[in-house]
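Structure assessment
So you can see what is in the structure, the chains are spelled out below.
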Amino acid sequence: MAKDFIREIIVRDIENNLYDRPITTRFPPEPNGFLHIGHAKSINLNFSIAEEFGGVCHLRFDDTNPETEDMMFVESIQRDIRWLGYDWGEHLYFASDYYEQLYQFAEELIRRGLAYVDSLSEEEIRAYRGTVTEPGKESPYRNRSVEENLDLFRRMRAGEFPDGAHVLRAKIDMSSPNMLLRDPILYRIKHAHHYRTGDEWCIYPMYDFAHPLSDGIERITHSLCTLEFENNRAIYDWLVDHLIPPPQPRQYEFARLELDYTVLSKRYLRQLVEEGYVSGWDDPRMPTISGLRRRGVTPEAIRAFVERVGVAKTNSRVEIALFEHIIRDDLNYRAPRVMAVLDPLKVVITNYPEDQSEMIEASYWPRDIDKEGSRPVPFSREIFIERSDFSLNPPKGFKRLAPGRSVRLRHAYVITCDEVVQDPQTGEIVELRCTYLPDSLGARPDGVKVWAAIHWVDATRSIPVEVRLYDRLFATPDPYDFPEGGSFLDNLNPNSLTIMSHARVEPSILDDPPDTRYQFERLGYFIQDSEDSRSDALVFNRIITLRDSWTKKQQQVASRPEKTRPRSAPKSRQETPSRTGETASDARARARAQNPDLQAAYEKLQTQVGLSEQQADIITGDLRQVRFFHQAMEVYPKGPALANWFINRLLPAWKDQPLDALPFGGAEFARLVKLVEEGVINTRQGEQVLALMMATGESPEAIVEAEGMRQLRDEATLLAVIADVLAAHPDKVAAYRAGKSGLLGFFMGQVMRVTQGQADPQVVKPLLETALQSDE
RNA sequence: UGGGGGAUAGUUUAAUCGGCAGAACGGGUGACUCUGGAUCACUUAGUCGGGGUUCGAAUCCCUGUCCCCCAGCCA
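Fair warning: this is a prediction, and the values are worked out from it, not measured in the lab.

A tally of helices and strands in chain A yields 25 helices and 25 strands. Compactness check: chain A gives a C-alpha radius of gyration of 37 Å against a globular reference of 28 Å for 776 residues, more than 25% above the reference. Per-residue burial over chain A gives 49% buried out of 776 residues. The contacts in chain A between residues at least 6 apart in sequence include a share of 70% that link residues at least 24 apart. Per element, the accessible surface of chain A, about 38,500 Å² overall, is 48% carbon and sulfur. Each charge class in chain A was averaged separately, 95 positive and 119 negative side chains, and the resulting centres sit 3 Å apart.

An order of β1-β2-β3 is seen for the three strands of this open sheet, with the pairing classed as parallel. Sheet topology places β1 (24–27) and β3 (92–94) at the edges, where each strand pairs with a single neighbour. Strand-to-strand twist across the sheet, computed as the mean angle between neighbouring axes with direction ignored, equals 35°. Helix α2 (residues 37–52) contacts β1 and β2 (56–61) of the sheet and is inclined by roughly 160° relative to β1. Here helix α3 (residues 71–84) sits on the sheet and contacts β1, β2 and β3; the angle it forms with β2, its principal contact strand, is near 155°.

Once that is clear, we can look at the nonpolar core. Judged by nonpolar contacts, the single largest core of 40 residues is most densely connected at Ile-37, Ile-81 and Phe-305. Secondary structure elements with two or more residues in this core: α2, β2, α3, α10 (289–295), α11 (299–309), α12 (320–334), β24 (524–528) and β25 (539–545). Excluding residues within four positions of it along the chain, Ile-37 makes contact with Leu-257, Leu-259, Leu-264, Pro-287, Ile-289, Leu-292, Ile-302, Phe-305, Val-306 and Phe-323. Judged by nonpolar contacts, the second largest core, of 37 residues, contains Leu-642, Trp-654, Phe-669 and Ile-703.

As summarised here, the arrangement of the four strands in space is β4-β5-β6-β7, forming an open sheet in which the pairing is antiparallel. The open sheet terminates on both sides in strands that have one partner only, identified here as β4 (115–118) and β7 (203–205). Taken over all neighbouring pairs, the strand axes of this sheet differ in orientation by 20° on average, direction set aside. Examined bridge by bridge, strand β6 (residues 185–189) and β7 share three bridges and lie antiparallel to one another. Counted as the bridge partner of Arg-188 is Tyr-204 from β7. The sheet strands contacting helix α6 (residues 146–158) are β4, β5 (167–170), β6 and β7, and the helix crosses β4 at an angle near 60°.

Below, the discussion takes up unusual backbone geometry. In this model, Pro-246 is joined to Pro-247 through a cis peptide bond whose omega is -5°. One can find Pro-247 in the loop between α8 (233–243) and β9 (250–254). Phi is positive for Asn-17, which is not a glycine, with a value near 55°. Using a relative accessible area of 63% as the deciding quantity, one classes Asn-17 as exposed. With a phi angle near 55°, Arg-219 is a residue other than glycine that sits in the positive phi range. With respect to the element layout, Arg-219 can be found in the loop between α7 (207–217) and β8 (222–226). Under the relative-accessibility criterion, Arg-219 is labelled partly exposed at 22%.

Quick look at the side chain of Arg-295 now. One can find Arg-295 in helix α10. Of the buried charged residues, Arg-295 lacks a salt bridge, with Glu-324 as the closest side chain of opposite charge at 6.4 Å. With sequence-adjacent residues up to four places away left out, Arg-295 is seen in contact with Pro-284, Arg-285, Tyr-470, Ile-527, Asn-541, Arg-542 and Ile-543.

Here the focus is the environment of Arg-317. With respect to the helices and strands, Arg-317 occurs in the loop between α11 and α12. With a relative accessible area of 24%, Arg-317 lands in the partly exposed category. Linking Arg-317 and Asp-260, residues 57 residues apart in sequence, is a C-alpha distance of 6.3 Å. When near neighbours in sequence (up to four residues on either side) are disregarded, Arg-317 contacts Glu-258, Leu-259, Asp-260, Thr-262, Pro-477, Asp-478, Pro-479 and Tyr-480. For Arg-317, the side chain forms a polar contact with the side chain of Asp-260, separated by 3.1 Å. Of note is the side chain of Arg-317, whose polar atom sits 3.1 Å from the backbone oxygen of Pro-477.

Across the five residues that make up strand β15 (residues 382–386), a large majority, four, are buried. Inspection of the sheet shows strand β12 (residues 344–349) paired to β15 by five bridges, in the antiparallel sense. Note on β15: the bridge partner recorded for Val-347 is Ile-383.

Moving on, we get to the state of the cysteines. Applying the stated criterion to the full structure yields zero disulfides. Just so you know, Cys-417 is unpaired, no disulfide at all, and the nearest cysteine sulfur is the one on Cys-434, 4.6 Å from it.

We now examine the packing of helix α24 (residues 743–754) against helix α25 (residues 761–773). For the pair α24 and α25, interaxial distance at closest approach is 10 Å and the crossing angle is 125°. Classified by the angle their axes make, α24 and α25 are oblique. In the crossing of α24 with α25, the sense of the turn from one axis to the other is right-handed. Between α24 and α25, the contacting residues are Leu-744, Phe-747, Met-748, Val-751 and Met-752 on the first element and Pro-761, Val-764, Lys-765, Leu-768, Glu-769 and Leu-772 on the second. Residue composition of the contact of α24 with α25, grouped by class: nine nonpolar, no polar and two charged.

Here helix α21 (residues 700–707) has its buried residues at Pro-700, Ile-703 and Val-704. Down the axis, α21 shows its buried residues gathered within 100° of arc, on one side only. Among the exposed residues of α21, those pointing more than 90 degrees away from its buried face are Glu-705 and Ala-706.

With that settled, consider the packing of aromatic side chains. Evaluated as defined, the whole model comprises 32 aromatic pairs. Ring centres 5.7 Å apart and planes at 35° place the aromatic pair Phe-628 and Phe-646 in the tilted group. Linking Phe-628 in helix α17 (residues 623–635) with Phe-646 in helix α18 (residues 639–654), this pair joins segments that are 18 residues apart in sequence. Across the pair, exposure class does not vary: Phe-628 and Phe-646 are buried alike. For the pair Phe-628 and Phe-669, a centre-to-centre distance of 5.6 Å together with 50° between the ring planes defines the contact as tilted. With Phe-628 in helix α17 and Phe-669 in helix α19 (residues 666–677), this residue pair connects regions lying 41 residues apart in the sequence. For the pair formed by Phe-628 and Phe-669, the shared burial category is buried. A network of ring pairs unites the aromatic residues Tyr-99, Tyr-103, Phe-153, Tyr-187, Trp-201, Tyr-204 and Phe-209 as a single cluster.

As a further point, take the pairing of strand β18 (residues 429–436). Summarising the sheet, β12 and β18 pair through four bridges and their orientation is parallel. By the bridge assignment, Val-347 is partnered in β18 with Leu-432. Pairing between strand β17 (residues 414–422) and β18: seven bridges, direction antiparallel. Counterpart to Ile-415 in the pairing with β18 is Tyr-436. Counted along the chain from β17 to the antiparallel partner β18, the turn is six residues long, and its residue Gly-427 has a positive phi close to 80°.

Cut-off values and rules
- Residues numbered from 1 in each chain as written.
- Chains lettered and ligands numbered in written order.
- Predicted model: local features only at pLDDT ≥ 70, side-chain atom pairs only at ≥ 80, totals over all residues.
- Heavy atoms only, no water.
- Helix = DSSP H or I, 4+ residues; strand = E, 2+ residues; numbered from the N terminus.
- Rg over C-alpha atoms; globule rule 2.2 N^0.38 Å.
- Buried < 20%, exposed > 50% of the residue type's maximum accessible area, 1.4 Å probe, protein only.
- Contact = heavy atoms within 4.5 Å.
- Areas by Shrake-Rupley, 256 points an atom, 1.4 Å probe, with all protein chains shown as cover.
- Lys, Arg positive; Asp, Glu negative; His and termini not counted.
- Charge placed at Lys NZ, Arg CZ, Asp CG, Glu CD.
- Pairing = 2+ DSSP bridges.
- Axes fitted to C-alpha atoms, helices over the stretch in contact; angles between N-to-C directions.
- Core = buried A, V, L, I, M, F, W, Y, C linked by side-chain atoms within 4.5 Å.
- Salt bridge = Lys/Arg side-chain N within 4 Å of Asp/Glu carboxyl O.
- Polar contact = N/O pair within 3.5 Å; in protein donor to acceptor, adjacent residues only side chain to side chain.
- Disulfide = S-S within 2.5 Å.
- Parallel < 35°, antiparallel > 145°, perpendicular 65-115°, else oblique.
- Left-handed = near helix turned anticlockwise from the far one by under 90°.
- Nonpolar A, V, L, I, M, F, W, Y, C, P; charged D, E, K, R; others polar.
- Arc of directions from axis to C-beta.
- Phe/Tyr/Trp six-rings, centres within 6.5 Å; stacked < 30°, edge-to-face > 60°.

In structure tokens, the structure reads:
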């Protein structure tokens, strides 16, 4: 079964043999920024679809704006897509390679009178376009001759005019309610150096022109883009239908990915980079692919995430928790466990001989992970533990080290805290003096309460490293939601980076490749920073913390009095007391106001025929409907039943076509309703008959006869059917009796199926309920 | 306000075109644990509102509400 609505469409298109070529998709980035996780969703969609359906996915750079684009971005984009694990094979394209073909398409439109050179200024064009509520005005240049347009356009290309002197526009409709169709601009003059074509061109196509035609040139079948391009589909279709041979590519839109606590828009990301709020496009806090890569997130996690999010048409904002869950899930299996201490507190083990030390063999993997391997960890009289693993006055629920308490040193001995050394001035804890239990290595000591297992490193043989702790870049779930006069930058999290410069890691890591991802036990997942880490000055990035139910609980205690609020405050809504535009009901009311016959019918149907206001309203919006209804009344004067069938069954089934096109009249329709009302056939059968009448024009009686339709309401027969159904689903029967009353619909459905829709549901229902209630 | 889209647990997303509203994440509780991790169990919570059709509606009909996109010579 198809996973989402787009795949559903593709499956249907394939079944209908719509295309003369394999399914072909494309990922069309503009090389003016780095790819981010939102792009990963689109990349995954396009490449996965191509793979699933045995097609191909092109990588095409939509480079139509020389002012913002750069080769550097082309390279980074390719690197990122490859790193994510996708392969476009030989299908690397550039819209800039199509400039000549696109130009020829433009001349073709001019020759066919479908495009013209407009010489209005930018401001005038804007003014002439109108607004969303008012139609635009046609440009005085709109009716230039083909010859003049061709001449002007060629001279535009030749560089005879300065920027902005002319544009090429499609001649569509300046009063279209769709703003994009108000003679969209196809080409503009830009005397700018293009990173690929150099100075060869001084006119450049607009996205709305270049994109659909590039899809056409590449014989794309399904052009997938995000929701904000829904309005652009009209011009997409206009262009490919005029210029591309069938079967043309078609555009489908899905919701772009939005993530809590981050921004996913190139404009904002660029601002963060250019104004120095982050160290670059690949800053590990950035949601860019390169940022996530440097942070240590794997491509598999990113792909798993975008797949879990799904594809739909609802604007949505995914919780960061889902992404974090998937990152942890991925790393849990992948990352060997080692020990590091971020904020060291010295511990002296007073009963461990000063001149002694040992190497403890410690497994890289916890019991629940099915992997082998271990490393030696040095242990001696002086070690470091995490400062936060000790508390002078342990709060309730604190399970770690405290005066007089014992804890397990992970993989090593149990120690007991005997003495706390504090700085006499500041009171700061500078050292713990503990004793260890020599017999506790790999064994549980008798009669000692061991509160927890904590991580540690050897004081002298551990490696000093810098550790960078990253937190979300923004402090609020929706950074775009900032106060009036502010900026999204106001929502930046001031603590998104914490540098631990005195951290220490066990020495075993020196033997590993520098891109090894670790779990530092009890702390989180870490990887060496690919840019800043040097062999004599290691730098680690925290990829993600471990889930931490202890601090979570602590925080809850701290914020207890505050009631949990909804994640985002409801947007302030404006009261719009103004009238709405014309709805369907307004249109019907207007039709009646203009036509006294309709108005008369509206009143008569209510007072004399007994229809509800709503029924009369719908029927009397259109004269043909009224006539049809009157014809029906003459044959079978049961108004309300007729109206129900007319409104709820006939109209929706016939949908968009005019009523006159129906291959039968009101009289036949009335006879169908009569068959149902008199119980000859049931509602479901009535619908089948209606469908056949619409398809064949046969009379209802003939169809009922031919199909052998009748209603089954013999109780003995029905009881037997019910017994069979119940016997076939003992588990469901038990569930129903246990209170799952929704299953009644399931059983009804089964009975209807067995009887091929002939059972009278009104007879079946009470019988079924009785059978279900009675214990066998 | 014209047009184009959308609305299912807190979040994201399913429901074989009228027949059992399901999953994951999150939240909660507990079990287990030499990681307050992982795992496991249980639990919480939903069809935007109002009418109608039907034995039966997330799904069909009517109606209302809310949200998003479009007035760049950006994409």
